[in-house]
Every structure is written in structure tokens, then in C-alpha cells.
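Coordinates in review
Below, each chain spelled out in residue letters.
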Amino acid sequence: MIKVCLDTNVFVSGIISPSGAPYDVLEAWRNREFVLLTSDDIITEVSKVLNYPKIKSAFSLTDEEIEQYISLISQYSQRTPGELKIDIITEDPSDNMFLVCAVEGKADFIISGDNHLLEVGTYQGIQILTPREFIKQLQLK
């Protein structure tokens, strides 16, 4: 089974919009088409972004719904320790947490809409794809 690390923007976009490639990526995860890799740092960031007042009000997210999403991500993912030190992305160092998670979890892919990550392209054999590119890959399998 392929292993995948999702960037925060994929989680958030897939949660707040019931259509589009990020939503399709989350649906593929829900259908167990891949193993989701996460870390405490990633889960914390997803929770933080979903709790931004602007996001909560624009998409009518309740505290309970956000808790439910975070619980699902926590329960149905393979957690990596987040101990590795990687400093490849200097423009936005927090993006390195996705490389750390992917390397520690021996990921096949990182899925992101973030240009800093996408510009890396491939890191230690791990392909970095947009949600749309990843969905095409899944359809080819």
C-alpha cells in the first residue's frame, strides 16, 4: 500500500469544500486507497488552521466538527515521531515538517498545494505532487 503525507492546505481545502482535488484526496484516504502519514506537528497545524476565526465562520465549522476531523486524522493515520532535522525549505521553514514526516514514514508521496514544497519536486525519492496530479496517479493504479 502506498504511503502519503498531506500538507495542511490539502486537509483544510478537502474539509471545507465538498468538491475538487483536495476533497478527492481525502475521499481516497477514507476509502483506504493509501496509508496516511502524519505527525504531532502536522495535526497541531491542521487544528490551528481549522480554528482560525476567519475559517470557522466562513465555513460554519463548529468546535465539535473540528474535533471530529482531528480525531479521525489522529486515529486513522500512521504517526511519525517528527524527530528528524531537515532544513531544505528556507523560505518557510515550517514546511520542512512534511519532509520530516515523509522521510520518517517512508512515504511514496507528499501531496501539497504549497509552492515551496512543490518546487522541491522530489526529496529522497519521495515525489511531491499537487492533489490533482496525485488523483491521476491513483486512477492509473
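Everything that follows concerns the structure shown earlier in this document.
Residues numbered from 1 in each chain as written. Predicted model: local features only at pLDDT ≥ 70, side-chain atom pairs only at ≥ 80, totals over all residues. Heavy atoms only, no water.

Right, let's talk about helix H5 (residues 63-75) for a bit. The first and last C-alpha atoms of H5 sit 18 Å apart over 13 residues, in line with the 18 Å expected at 1.5 Å per residue. Turning to H5, its buried residues number three or more, namely Ile 66, Ile 70 and Ile 73. Here the buried residues of H5 occupy an arc of 60° about the axis, which is enough to place them on one side. Exposed residues pointing more than 90 degrees away from the buried face of H5 are listed as Glu 64, Glu 67, Gln 68 and Gln 75. (Helix = DSSP H or I, 4+ residues; strand = E, 2+ residues; numbered from the N terminus. Expected span 1.5 Å × (residues − 1). Buried < 20%, exposed > 50% of the residue type's maximum accessible area, 1.4 Å probe, protein only. Arc of directions from axis to C-beta.)

Let's shift gears to the sheet that holds strand S6 (residues 126-129). Ordered by their spatial adjacency, six strands build an open sheet running S3-S2-S1-S4-S6-S5, and the pairing between neighbours is mixed. Two strands bound the open sheet, and with one partner strand each, they are strand S3 (78-80) and strand S5 (122-123). In terms of strand pairing, strand S1 (residues 3-6) meets strand S2 (residues 35-39) through three bridges, oriented parallel. Of the residues in S2, the one forming a bridge with Lys 3 is Val 35. (Pairing = 2+ DSSP bridges.)

Attention now moves to the environment of Ile 126. Topologically, Ile 126 is positioned in strand S6. Linking Ile 126 and Lys 56, residues 70 residues apart in sequence, is a C-alpha distance of 33 Å. Not counting the four nearest positions on each side in its chain, Ile 126 is found in contact with Ala 102, Val 103, Ala 107, Asp 108, Phe 109, Ile 110 and Gly 121. (Contact = heavy atoms within 4.5 Å.)

This part takes up the pairing of S6. Bridge count between strand S4 (residues 109-111) and S6: three bridges; the pairing is parallel. Looking at the pairing, Ile 110 lines up with Ile 128 of S6. Note: S5 against S6, two bridges, orientation antiparallel. Each residue of the ladder has a partner; that of Thr 122, found in S6, is Gln 127. Hairpin geometry of S5 and S6 is characterised by an intervening segment of two residues between the two adjacent antiparallel strands and by a positive phi of about 45° at Gln 124.

So, on to the pairing of S1. Bridge count for S1 against S4 is three bridges, and the pairing is parallel. Of the residues in S4, the one forming a bridge with Cys 5 is Ile 110.

Attention now moves to the nonpolar core. Counting residues in each nonpolar core, the largest one holds 46 residues, and the members touching the most others are Leu 6, Phe 34, Ile 111 and Phe 134. With seven residues, the single largest contributor to this core is helix H6 (residues 96-104). (Core = buried A, V, L, I, M, F, W, Y, C linked by side-chain atoms within 4.5 Å.)

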